[in-house]
Amino acid sequence: MKTGVRRLALATGAIFVILIVHLTYIQAIAGERLYLNPLNPRLNLVEQQTQRGAIYDRAGRVLARTVGNPGQFQRQYPYGPATALVVGYVSGRFGSGGLEASRDGDLLGLTGWQHLLNQGRRLMGQVARGNDLNLTLDAELQRLATSLLAGRRGAAVALDPRTGAVLALASSPAFDPNRLEEEWQQINSPGAGSPLLNRAIQGLYPPGSIMKLVTATAALEVDPGILQRDFYCPGYLEVQGWKLTCPRPHGHLNFQQAMMYSCNVTFATLALEAGVDKFKETAALYGFDQPLKFDLPVEVSRLPGRLDASALAEGAIGQGAVLATPLQMAMVTAAIANKGILMQPYLVEKVTAAGGRLLWQAVPRPLQVVTGAKVAADIKETMVATVNGGTATAASLPGIQVAAKTGSAQNPGGEAHAWLVAFAPAEEPRIAVAVVVENAGAGGVVAAPLAREILAAALRR
């Protein structure tokens, strides 16, 4: 009898301790995250009682602001569709998206001591006030990139390779957050092209030949002597009984010419020589198969779990099961531009309280050392040659040396996706871009002129 009572007491005590630990976890650790969950109905009530903070671009241009009186607040988006997929929207009926969702806590003043301050304001009958977000985004560059993509499906990303600051993150089609309530049904109609999808960070595409930048990195790491090698392309390469082809036989060519004319046979050969482990290791350093901490949700770019010889040859030229976001390929390009150092991309530059007091500021930091400066410089030279006489001549700018790589990614949806990645000036890069246009054909014909316009506009500033 005494033994039974003792066991019951121990079991009750254990349950009580577990309960205390769990409640402490919810209160002290997970409380803020749970409170800010968009499914929390209390947030809607807070929304009506709080003047949501504004969102500004890098030059102080207003991207989102609140007007009206408590209980009747309205959100305005001066740049409309151009910044919709970055800034997002907030709606009592349809929830929220973009930074309006991911930075809800800052914009409503619900984080840290701001939460207590705003609670006090509400108790005293005053209007609570959220914090402002100041972005790295250049609103005019974003508007240009969006207009260049108008009428097509695709995306454009521009980064400062020296810091990782995001200058543009355009996606098409887009929507007008000022007219969300009226156009919600149309936005979600089957023929609308998924305008709520931010293709720049959530669109997964076969990268096509721009993946050769990753393959080149792996190959040069294994054998720098390939710069002096002679390769031969008969127009195809047989791997395990499967035939990988080039658009035409390139004959004899060196490493730089292989990049200039985007020779599939040469880069598949180099990947097979470097081996699966080196290829996957290099891709991982660039960010493939790695979750990325960013200000908005990002899809993970990925390689197939298992790569046999034929899958490796396909992956080396960006085909098969390799998938990447435009942001991922902009990061690859930015790392080469920045001497092999990949910087952590970021979009929110700082958070300020009403009145401009600084609450938080981003600090640029390296995310990964992908390769050495010599390998990055060697790849840059091949990209310069590609602009000066290869497949990317349409990306050239008068008086400014551009480095670029084209891609035309085959896919089951029809015509190839047109890609171009580039940075400029090649000597001291200030901007790296990635452009993809879905089912549009050759990257050097379709994507290169768009990238050139974005580079030119950014370098004029």
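About the thresholds
Residues numbered from 1 in each chain as written. Predicted model: local features only at pLDDT ≥ 70, side-chain atom pairs only at ≥ 80, totals over all residues. Heavy atoms only, no water. Helix = DSSP H or I, 4+ residues; strand = E, 2+ residues; numbered from the N terminus. Buried < 20%, exposed > 50% of the residue type's maximum accessible area, 1.4 Å probe, protein only. Contact = heavy atoms within 4.5 Å. 1 Å grid on protein atoms, 1.4 Å probe; cavity = no way out; pocket = protein on both sides within 12 Å on 5 of 7 lines; lining within 4 Å. Points joined across faces, edges and corners; volume = space filled by probe spheres on them. Nonpolar A, V, L, I, M, F, W, Y, C, P; charged D, E, K, R; others polar. UniProt positions renumbered as here; feature names shortened; annotations may be inferred.

## Side note on the side chain of Thr325
Here is step 1 of the chain: Note on placement: Thr325 falls in the loop between α14 (309-316) and α15 (326-337).
Here is step 2 of the chain: Note on Thr325: relative accessible area 1%, which makes it buried.
Here is step 3 of the chain: Apart from the residues within four sequence positions on either side, Thr325 is in contact with Ala200, Ile201, Gly203, Leu204, Glu299, Ser301 and Trp419.

## Re the layout of surface pockets
A probe as big as a water molecule, rolled over the atoms, marks out the empty space that is left.
Here is step 1 of the chain: Here the second largest pocket defines a volume of roughly 560 Å³.
Here is step 2 of the chain: Lining the second largest pocket are 27 residues, with Ser209, Pro247, Asn264, Ser408 and Gln410 sitting closest to its centre.
Here is step 3 of the chain: Among the elements of the structure, β13 (242-245), β19 (403-411) and α17 (443-459) are those that each provide at least two residues to the lining of the second largest pocket.
Here is step 4 of the chain: Per element, the largest residue contribution to the lining of the second largest pocket is five residues, and it comes from β19.
Here is step 5 of the chain: Taken together, the residues that form the lining of the second largest pocket break down as eight nonpolar, 15 polar and four charged.

## A look at the UniProt feature "domain: Penicillin-binding protein transpeptidase" (unreviewed entry) in the protein
Here is step 1 of the chain: Residues given the UniProt feature "domain: Penicillin-binding protein transpeptidase" (unreviewed entry) here are residues 154-455.
Here is step 2 of the chain: Secondary structure over residues 154-455 splits into 33% helix and 23% strand, and the C-alpha atoms at its two ends are 17 Å apart.

## Let's talk about the side chain of Thr215
Here is step 1 of the chain: Mapping Thr215 onto the fold places it in helix α10 (residues 212-222).
Here is step 2 of the chain: A residue is classified by how much of its surface remains accessible, and Thr215, at 1% relative accessible area, is buried.
Here is step 3 of the chain: Discounting chain neighbours no more than four positions away, the residues touching Thr215 are Phe267, Ala271, Phe279 and Ala316.

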